Amino acid sequence: MRMRKKKHGTERMEALSSLICQKNDKNYINSHDSFKNSNPLRLEIGCGKGDFVIGMSEKEPDVNFVAMEKISDVLVIAMEKYASSRNMGYLGSQGEWIREEGEAGNVRFICNDAKNLRELFEESTLDKIYINFCDPWSKKGHTKRRLTYIEFLNIYSFLLKDGGELRFKTDNLPLFEFTLEEIAKSGFELKAYTNDLHNSEFAESNVMTEYERNFSSQGIKINFLIAVNKKQ
């Protein structure tokens, strides 16, 4: 279902411009320019409405997170949700952002597509990449659009440090099995995987997305893997 266009979406995003990623003099995103520190940098591809990145940022306050979403009307919801969690303000009755005194913290946002990642980050700058419940692109001929297709995995390998991790969650078993096959052909080494995340050793440390809570309430099992980047 297509999301209804958000009223005053551009203005709402501009009101939270301090949460937008900044680029350095080489036109790349990095921790120093966006966060004014050199803490480890991690990326969530397809942040949705922001539940996962907000939960991760609270759990690991000494890590910097970039939340990327290609749909601006979804991204502005995530930005406002995060800003509210930081006491940076709230949305007024007329669609205006009412500022408070909170600080920007350790999450920044960017509206872009995963296919452009090489233009956004320098090589070996990320510690972890998270992909949660992405479109499975199930129709015939759409394989190359999957975010775990080998060409995307090669991009992630380029951006991750040696030993950096790709963490992937999905409710779609065919997509998960496809991903395992693609990882076997890539520069990644499979570290761990499960077809039932919420009943596994990883459940205690798991931070759920909004989709994940919905799926879990329906008894749908969640597939999860960790793959480690091995620089050639």
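Residues numbered from 1 in each chain as written. Predicted model: local features only at pLDDT ≥ 70, side-chain atom pairs only at ≥ 80, totals over all residues. Heavy atoms only, no water.

**Student:** Any chance you could explain the nonpolar core here in plain terms?
**Tutor:** When a protein is soluble and globular, its nonpolar side chains tend to lie buried together. Within the largest apolar cluster, 35 residues are counted, with the highest numbers of intra-cluster contacts made by Ile45, Leu117, Phe121 and Tyr156. Elements with a minimum of two residues in this core: strand E1 (41-45), strand E2 (64-69), strand E6 (126-132), helix H5 (150-159), strand E7 (160-170), helix H6 (173-184) and strand E9 (223-229). In terms of residues, this core owes the most to one element, H5, which gives 6 residues. With residues near it in sequence (within four places) discarded, tyrosine 156 still touches Ile45, Leu117, Ile129, Ile131, Leu147, Leu166 and Phe188. If you look at the next biggest cluster of nonpolar residues, it comprises 26 residues, including Leu16, Cys47, Phe65 and Ala67. (Core = buried A, V, L, I, M, F, W, Y, C linked by side-chain atoms within 4.5 Å. Buried < 20%, exposed > 50% of the residue type's maximum accessible area, 1.4 Å probe, protein only. Helix = DSSP H or I, 4+ residues; strand = E, 2+ residues; numbered from the N terminus. Contact = heavy atoms within 4.5 Å.)

**Student:** Please clarify how the packing of aromatic side chains should be interpreted in this entry.
**Tutor:** Aromatic ring pairs are defined here through the distance separating the ring centres and the angle between the ring planes. This structure, assessed with the given rule, holds 8 aromatic pairs. The cationic tip of arginine 118 hangs over the ring face of phenylalanine 158; the distance from NZ or CZ to the ring centre is 4.3 Å. A cation over an aromatic ring shows up here: arginine 146 above the ring of phenylalanine 178, its NZ or CZ 4.6 Å from the ring centre. (Phe/Tyr/Trp six-rings, centres within 6.5 Å; stacked < 30°, edge-to-face > 60°. Lys NZ or Arg CZ within 6 Å of the ring centre and 35° of its normal.)

**Student:** Looking at this model, I keep getting lost on the side chain of arginine 42. Mind explaining?
**Tutor:** On the secondary structure map, arginine 42 appears in strand E1. On the basis of relative accessibility, which here comes to 8%, the residue arginine 42 falls in the buried class. Residue contacts for arginine 42: discarding those within four places in its chain leaves Met56, Glu60, Val63, Asn64, Phe65, Val66, Leu126, Asp127, Lys128 and Tyr130.

**Student:** What's the story with the side chain of serine 57 in this structure? I'm lost.
**Tutor:** Tracing the sequence through the fold places serine 57 in helix H3 (residues 51-59). Here isoleucine 54 takes part through its backbone oxygen, which lies 2.8 Å from a polar atom of the side chain of serine 57. Filtering out sequence-adjacent residues up to four positions away, serine 57 remains in contact with Phe65, Tyr82, Asn106 and Val107. (Polar contact = N/O pair within 3.5 Å; in protein donor to acceptor, adjacent residues only side chain to side chain.)

**Student:** Would you explain H6 in this entry?
**Tutor:** The α-helix winds at 3.6 residues per turn, so residues separated by three or four positions along the chain end up facing the same way. Its 12 residues place the ends of H6 17 Å apart at the C-alpha level, agreeing with the 16 Å of an ideal helix rising 1.5 Å per residue. Taken as a whole, H6 has its buried residues at Leu175, Phe176, Phe178, Thr179, Glu182 and Ile183. For H6, the buried positions fall inside an angular range of 160 degrees around the axis, keeping them on one side. Along H6, the residues that are exposed and aim more than 90 degrees away from the buried face are Pro174, Glu181 and Ala184. (Expected span 1.5 Å × (residues − 1). Arc of directions from axis to C-beta.)

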